[in-house]
Structure formats: structure tokens, C-alpha cells
Amino acid sequence: MSPIQSPKPAPAPSATTAATGATAADVDVERPRSGPAALLGLLTAAGGPRYAAALLVDALGTGLLRPFLLLYGIGVLALDAGAAGLAMSAGMVAGLLVLPLTGRWIDLGARSLPAAATLLVRAAGSVTLLLADGAAGFTAAAVLLGVGSQSWPATHAAVVSTLTEGRTRDAALAAGRTLRNAGLGAGALLATLAVAGGTGALKLLAGVTAAACLLAAGLVHSLRVSAPRAEAAQPSAAPFSPGPATATGPVTTTSPVTATGPALRRITLLSVASLPFAFTFDVLEVALPALLVLHLHASAAWSSGIFVGNTVLVIALQLAVVLRLGERSRHTVLAAGGIALTLSYLGFWAAGGLGGTAAAGAVAAVSVLYTFGEILYTGSGTALVAATAPPHLLGRALARWELSTGLGRALAPAVLTTLLAVGPGVLWPVLAGATLVSSVAVARLRPRG
């Protein structure tokens, strides 16, 4: 067993930190270097190659989940689209309900075990899918897959937060998201090929997914990363600053004396305030395709091109942007992401007034600004929660953030399509106004002093 490293002392504030008015918890002067090997190095920073392999499985599984699960229900089990969609919604709701329990499990000191459990539950979901012969079995599989998928981001962030610190943690989370976006594209491509191969190929894909998740669960569990349960009332000589640890043994932490109640309330307010940000993803997947095809009567190729362009830009820029903004307040970056999204929504509104091919081209151009806002939002949100949460409440803080994100994503399709049915002149101003209010709220929630 490798020796456990003690927490590093907190770094002294830099001139940039003083100039931006950020707090010590908001800005760390230590930043990982960028370069061609940065992505690979950061993917193995928390947990080594075994954990990086598990991240790859999660990325591919996420890409497969939405198109593959729906197509399996329709193509293999002969369910109608409404029944399959209802079952998938039940899975997402079940995942949201389990999130608070996942957070409390993390706060008991568990780290790699909950992460492994999410993968194991997803493997069980894939096996259940293979055994299903009707709507009931498909719903059971969707619930298992939903629970595993919804809990994964919080458990993953907890592992990374335990094994890394400061801006290295932010960059490691960004590297994981980069891989996840690559997996979205690859998984969607595999699902498309599976459809061409018929029901046999879909069943094979379900079996491979189950085996891969089972293997990844074993790899993650073998890391044996944990942290002793911290008590808020236990005395400590100095504030806790989580330091890096090896991935081959339990991680030891120190319990702080901290105003945990106000800290957790602030994170709860942050999660609620940023709820409109979560609509971002369905703007790309739901609102823009509907706007282009139904209102602008443009070819569906425009929607596909914007989606591919967004994916490529996120993969190419996510890590670089996080590294570049390493000395900026996370609150400021998150709020700036909201401002960029607000401007992009107003841009989509203005572009729609052009009509014809010019409108479709303008929407594609504005989508670059939209993608930049998405990068700022996803690159700072989870990192901010991980950096500001009291150590003994890390799980609950991450769960509340992910619950807000999941709730926003669950509500987004219905809200966006309802507003768009009234007209683009209603959708975009409402979305821009809500996001702008959220950005102001996030900025005001930044600790002062």
C-alpha cells in the first residue's frame, strides 16, 4: 500500500487573485500545465489508468444510452414510442430521487465504492434489458440505467475531489467532460450502426455495454479510495485543504471547524439559482432543431451540422478554457457563462427574423457563442461546488448540484417545446431573461472578503 500524502498548505494569494477580488476558496494559484499531453495526464491524475478506463466506459455508455435505449424498446421489444419514452422518463425521475441518498453515502466517507456501484447498477440495467420481454421489463431496465447514470457525476466528482486539489481538480473534471463529449459522439455512432444491423446487433450492443460496465465497476472498486467520515464539531487547528492522495489506499482527511450550515445553504441557493442554465443542453438537442426545421423550414442537415460543431468545439476547447481561466473566480466564470448564453439566445431570436438560408446560417454562427457559454458553465459549476463545500458535506453538496442539473434537464423538453409552440418571439426572450437573472444571482452569491 502506498503511503498517504498529507494535505498541502493553502497557497498564498497572487496579484491576479487580489486584483479580481476572489477568495482563497475561489481561486488557487497552482495550475496544471497545458500541452499535447495535458488531457492524458489529467485523465490519469485521479485514479490512474484504471479509473481513466472507467471514464471511457462511462463516456461511451452515455452516448449510447439515449438513442440506444429508445431504439431497443421500439425495435426489439416492439413498444410504441410513447410507452418507451414514458419508461425512460421514469428512469430519469428514479435517478433524481436516489441522488440525495448517494450524497449521504459519499459523506459517510465512501468514494470509489459509490462510483463502482453506479457502474454496477448500469450493468444490471443492461442485463435486465436483455431479459425484458415487454413494457414492465423495459421500465425496470430504464430505472436501473437512470439511477446509475444520474448518480455517476456526483460520485465521479467526489473521487476526483479526494485525489486532486485546487485547479488540478478543475482541470481533471474538465478532462473527464472532454472525454465524455467524445463518448457521446462515438456512442451515438455505434447506436446508429446497430440500428442498421437489426435487432441482433442491438442485443449484442446491450450485452457489450453490460460487460463493459461490469469491468469498469471492478476497476473502480479496486482503487479502494475512501475518506473517514468527518464531523463538523471536531476541532482542528487550521482550515482543511484537501490534498492529493494515491489511488491505491484509503484517503485520510482532517475534520474542520466551519460554519457548515451557511456553506451548505449557499450551495443550495447556487444550485437553485443556476437551474435555468441546465436548459442549455436541450436548447441544442430540442429547441434549435425545432426552430430550424419547423419555423425556418431549413434542412435537417443544419441541425446535424450545429450539433457536430458543438461537440467538436467542446472537445477541443473545454480543457484549454478551464486552464486559461485558472486564476479567475469560479463564481465569475459561471456567471460569465450565463451572460454568454443569454446573448446567444437573443442572437438566435434575431437570426430567426432573417428568414431562409441566411437565417439558418446566422443561427449556426450564433451557436459558436452558445457553445462558449456552455463551456464556461460546465467548466466551472461542479468545480465551484467541490471547491466550496465543507469536506464532510461534499456528497450532499454535489448531489444538490446534480439534482438541480437533472431537474432542469427533465423539465427542459416540455418547457422549451411549449414556449416554441407559442412562437420564437416568446421562447428566446423568456429563456434569455431567466438565464440573465440566474447569472446575476450566481454573481451575488460569491463570498465577500
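Our structure's up above, just so we're on the same page.
Residues numbered from 1 in each chain as written. Predicted model: local features only at pLDDT ≥ 70, side-chain atom pairs only at ≥ 80, totals over all residues. Heavy atoms only, no water.

Chemist: Explanation requested: the overall build of the protein chain in the structure shown.
Modeler: Counting secondary structure elements, the protein chain contains 15 helices and 0 strands. With 449 residues in all, the protein chain has 51% of them scored as buried. Residue pairs at least 24 apart in sequence account for 84% of intrachain contacts in the protein chain once pairs closer than 6 positions are excluded. Carbon and sulfur atoms make up 70% of the accessible area of the protein chain, which amounts to about 18500 Å² in all. (Helix = DSSP H or I, 4+ residues; strand = E, 2+ residues; numbered from the N terminus. Buried < 20%, exposed > 50% of the residue type's maximum accessible area, 1.4 Å probe, protein only. Contact = heavy atoms within 4.5 Å. Areas by Shrake-Rupley, 256 points an atom, 1.4 Å probe, with all protein chains shown as cover.)

Chemist: Help me understand the packing of aromatic side chains, please; the structure alone is not making it clear to me.
Modeler: Remark: the centre distance and the inter-plane angle together describe each pair of aromatic rings, the angle taken between the planes. Using the criterion set out here, one finds 7 aromatic pairs in the structure. Ring geometry for Tyr51 and Trp152: centres 6.4 Å apart, planes at 25 degrees, overall stacked. In this pair, Tyr51 sits in helix α3 (residues 48-75) while Trp152 sits in helix α6 (residues 135-163), placing the two residues 101 residues apart along the sequence. Each member of the pair, Tyr51 as well as Trp152, carries the same accessibility label: buried. By way of ring pairs, the aromatic residues Tyr345, Phe348, Tyr370 and Trp428 are connected into one cluster. (Phe/Tyr/Trp six-rings, centres within 6.5 Å; stacked < 30°, edge-to-face > 60°.)

Chemist: Explain the nonpolar core here, please?
Modeler: Side chains of nonpolar character tend, in soluble globular proteins, to be buried together. Core analysis: the largest hydrophobic core is formed by 30 residues, its most contacted members being Leu270, Leu334, Tyr377, Val385 and Leu398. Mapped by element, the contributors of at least two residues to this core are α4 (81-107), α6, α7 (166-196), α9 (260-273), α12 (330-352), α13 (356-388) and α14 (394-422). The contact partners of Leu398, leaving out residues within four places of it in the chain, are Ala154, Ala157, Ala158, Thr382 and Val385. Judged by nonpolar contacts, the second largest core, of 29 residues, contains Ala290, Ile306, Phe348 and Ala351. (Core = buried A, V, L, I, M, F, W, Y, C linked by side-chain atoms within 4.5 Å.)

Chemist: I would appreciate a short explanation of the side chain of Ser438 in the present structure.
Modeler: Inspection of the secondary structure puts Ser438 in helix α15 (residues 424-444). For Ser438, a relative accessible area of 4% puts it in the buried group. Once you skip the residues sitting within four places of it in the chain, Ser438 turns out to touch Ala273, Pro276 and Phe277.

Chemist: Whenever I open this one, unusual backbone geometry confuses me. Can you help?
Modeler: In this model, Arg224 sits at a positive phi of 55 degrees, which is unusual for a non-glycine residue. Position of Arg224 among the secondary structure elements: in the loop between α8 (199-223) and α9. For His297, which is not glycine, the phi dihedral falls at a positive 55 degrees. Overall, the relative accessible area of 66% leaves His297 in the exposed class.

Chemist: I keep staring at the packing of α7 against helix α11 (residues 300-324) and nothing clicks. Help me out?
Modeler: Any two packed helices are characterised by the angle at which their axes cross and by the distance between the axes. Put simply, α7 and α11 touch, their axes get as near as 9 Å, and they point 175 degrees apart. It follows that α7 is roughly antiparallel to α11 by the angle criterion. Here Asp170, Ala171, Ala174, Ala175, Arg177, Thr178, Asn181 and Ala182 of α7 lie close against α11, whose contacting residues are Thr311, Val314, Ile315, Gln318, Leu319, Val322 and Leu323. Among the residues making up the contact of α7 with α11, the classes are represented as 9 nonpolar, 4 polar and 2 charged. (Axes fitted to C-alpha atoms, helices over the stretch in contact; angles between N-to-C directions. Parallel < 35°, antiparallel > 145°, perpendicular 65-115°, else oblique. Nonpolar A, V, L, I, M, F, W, Y, C, P; charged D, E, K, R; others polar.)

Chemist: Explanation requested: the packing of α14 against α15 in the structure shown.
Modeler: Two elements in contact, α14 and α15, have axes separated by 5 Å at closest approach and are oriented at 135 degrees. The angle between α14 and α15 places the two elements in the oblique class. Seen from α14, the contacting residues are Leu416, Leu419, Leu420 and Val422; seen from α15, they are Pro424, Val426, Leu427, Val430 and Leu431. Of the residues contributing to the contact of α14 with α15, the split by class is 9 nonpolar, no polar and no charged.

Any link to function would need more than the numbers given here.
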